[in-house]
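The chain contents come next:
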Amino acid sequence: MLSRFLFIILRLLVYSVIISLVWVITLKYVPVWFTPYMISTKLEAMASDGDAKLYKDWEPYEHISKELALAVVASEDQNFPTHWGFDFDEIYNAMTAEKKRVRGASTISQQVAKNVFLWHGRSYVRKALEAYFTVLIELIWGKERILEVYLNVAEMGRLTFGAEAASQRYYKKAAKGLTRAEAARIAAVLPNPIRLSIKNPSAYVNKRTQQIVRQMRYLGGQKYIAELK
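Values in this document were obtained by computation on a predicted structure and should not be read as measured data. (Residues numbered from 1 in each chain as written. Predicted model: local features only at pLDDT ≥ 70, side-chain atom pairs only at ≥ 80, totals over all residues. Heavy atoms only, no water.)

Draft legend 1. Broad picture of helix H2 (residues 36–47). For H2, spanning 12 residues, the distance from its first C-alpha to its last is 17 Å, which sits close to the expected 16 Å at 1.5 Å a residue. Met38, Thr41 and Ala45 are the residues of H2 that are buried. When H2 is viewed along its axis, its buried side chains cluster within an angular range of 65° and face the same direction. Set apart from the buried face of H2 by more than 90 degrees, the exposed residues are Leu43, Glu44 and Ala47. If you follow the buried residues of H2, they end up packed against strand S1 (55–56), helix H7 (143–153) and strand S3 (160–161). Trailing H2 by a residue or two, Asp49 shows a phi angle of about 65°, which is positive. (Helix = DSSP H or I, 4+ residues; strand = E, 2+ residues; numbered from the N terminus. Expected span 1.5 Å × (residues − 1). Buried < 20%, exposed > 50% of the residue type's maximum accessible area, 1.4 Å probe, protein only. Arc of directions from axis to C-beta. Contact = heavy atoms within 4.5 Å.)

What follows is the structure in structure tokens.
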């Protein structure tokens, strides 16, 4: 009886791995039109009887300003071009930081794994699955595809997902035409795109925008991400 139970569990694990591999391989080539978080955000908006329209518009990497690509790397994950999905230095810093200075340590790859394949929340199961999908997309997608997906699915305002939707909604232009300052302001609100505003930036957002612009210059400009594969 026990051996049969273990055999069933093993088969389920094998099927789960196969399905996840097919899923990841498919999304290497197919635009990610929806994510679980987009759906949950829309349902929450509908439940609150508010405006539930989602603003989203997939654009390939070559149609998005490289200033924005650089800005999100500069603000969210400066080691993105070189790490393998996890920034262990940042993880250590986050674990050893004082409670009053709690900081995140998720890389862009981890954020993409969470947003595209999983639900939001805190649990060991979700974190384990996040690590699993992070490894898969690093191995199968590569850096440029990961960044492309991030720029298309990241929340950049209320019910606003992706660079093109944010650019059209807040700057009235295509994402390909974003300037460095405009790109940095979008990156500045990423930690909390509901409370922080691109359209009506607070003093904090303006200060953070300038910090990101300086980091973009420090990294050497667009050439820092020019060799992503």
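Draft legend 2. Spotlight on the packing of helix H5 (residues 108–117) against H7. One can describe the packing of H5 onto H7 by two numbers: an axis separation of 10 Å at closest approach and a directional angle of 55°. Between H5 and H7, the angle falls in the class oblique. The handedness of the crossing between H5 and H7 is left-handed. Counted together, Ile108, Ser109, Gln111, Val112 and Val116 of H5 and Lys143, Ile146, Leu147, Val149, Tyr150 and Val153 of H7 form the full contact between these two elements. Class assignment of the residues belonging to the contact of H5 with H7 gives a composition of 8 nonpolar, 2 polar and 1 charged. (Axes fitted to C-alpha atoms, helices over the stretch in contact; angles between N-to-C directions. Parallel < 35°, antiparallel > 145°, perpendicular 65-115°, else oblique. Left-handed = near helix turned anticlockwise from the far one by under 90°. Nonpolar A, V, L, I, M, F, W, Y, C, P; charged D, E, K, R; others polar.)

Draft legend 3. Inspection of the sheet that holds S1 at higher detail. Overall, mixed pairing links the 3 strands, which are arranged S1-S3-S2 in an open sheet. Since the sheet does not close on itself, it has two edges, and those belong to S1 and strand S2 (155–157), each with one partner. (Pairing = 2+ DSSP bridges.)

Draft legend 4. Structural context of the nonpolar core. Counting residues in each nonpolar core, the largest one holds 60 residues, and the members touching the most others are Val72 and Leu147. Ranked by residue count, the leading element in this core is helix H3 (residues 66–76), at 7 residues. Contacts of Val72, omitting those with residues within four sequence positions, involve Asp77, Ile108, Leu147, Tyr150, Leu151, Ala187 and Leu190. (Core = buried A, V, L, I, M, F, W, Y, C linked by side-chain atoms within 4.5 Å.)

Draft legend 5. Broad picture of unusual backbone geometry. Phi is positive for Leu159, close to 60°, though the residue is something other than glycine. For Leu159, the position within the fold is in the loop between S2 and S3. Positioned with a positive phi, Lys172 is a non-glycine residue whose angle comes to about 60°. Take Lys172: it is sitting in the loop between helix H8 (163–171) and helix H9 (180–188).

Draft legend 6. Representation of the side chain of Glu67 in the model. Along the chain, Glu67 falls in helix H3. When its relative accessible area of 13% is taken as the criterion, Glu67 is described as buried. Polar contacts involving the side chain of Glu67 include one to the side chain of Arg180, which spans 2.8 Å. Aside from chain neighbours lying at most four places away, what touches Glu67 is Leu178, Thr179, Arg180, Ala183, Met216 and Gln222. (Polar contact = N/O pair within 3.5 Å; in protein donor to acceptor, adjacent residues only side chain to side chain.)

Draft legend 7. Here's a closer look at the packing of aromatic side chains. Considering all chains together, one arrives at 6 aromatic pairs under this definition. Between Trp23 and Phe117 the ring centres are 4.9 Å apart and the planes differ by 85°, which places this aromatic pair in the edge-to-face class. Taken together, the residues span a long stretch of sequence, with Trp23 in helix H1 (residues 2–27) and Phe117 in helix H5 at a distance of 94 residues. When the centroid spacing of 4.5 Å and the interplanar angle of 5° are considered together, the rings of Phe117 and Phe133 count as stacked. In this pair, Phe117 is assigned in helix H5 and Phe133 in helix H6 (residues 124–140), connecting sequence segments 16 residues apart. For Phe117, a relative accessible area of 6% corresponds to the buried category. Sitting over the face of the ring of Phe80, Lys143 holds its NZ or CZ atom 4.6 Å from the ring centroid. (Phe/Tyr/Trp six-rings, centres within 6.5 Å; stacked < 30°, edge-to-face > 60°. Lys NZ or Arg CZ within 6 Å of the ring centre and 35° of its normal.)

Draft legend 8. Seen up close, the side chain of Thr35. Inspection of the secondary structure puts Thr35 in the loop between H1 and H2. Taking the relative accessible area as the measure of exposure, Thr35 reaches 2% and is therefore buried. Not counting the four nearest positions on each side in its chain, Thr35 is found in contact with Asn115, Val116 and Val153.

Draft legend 9. Broad picture of the environment of Ser3. With respect to the element layout, Ser3 can be found in helix H1. Since its relative accessible area comes to 57%, Ser3 is described here as exposed. Separated by 42 residues in the primary sequence, Ser3 and Ala45 place their C-alpha atoms 48 Å from one another.

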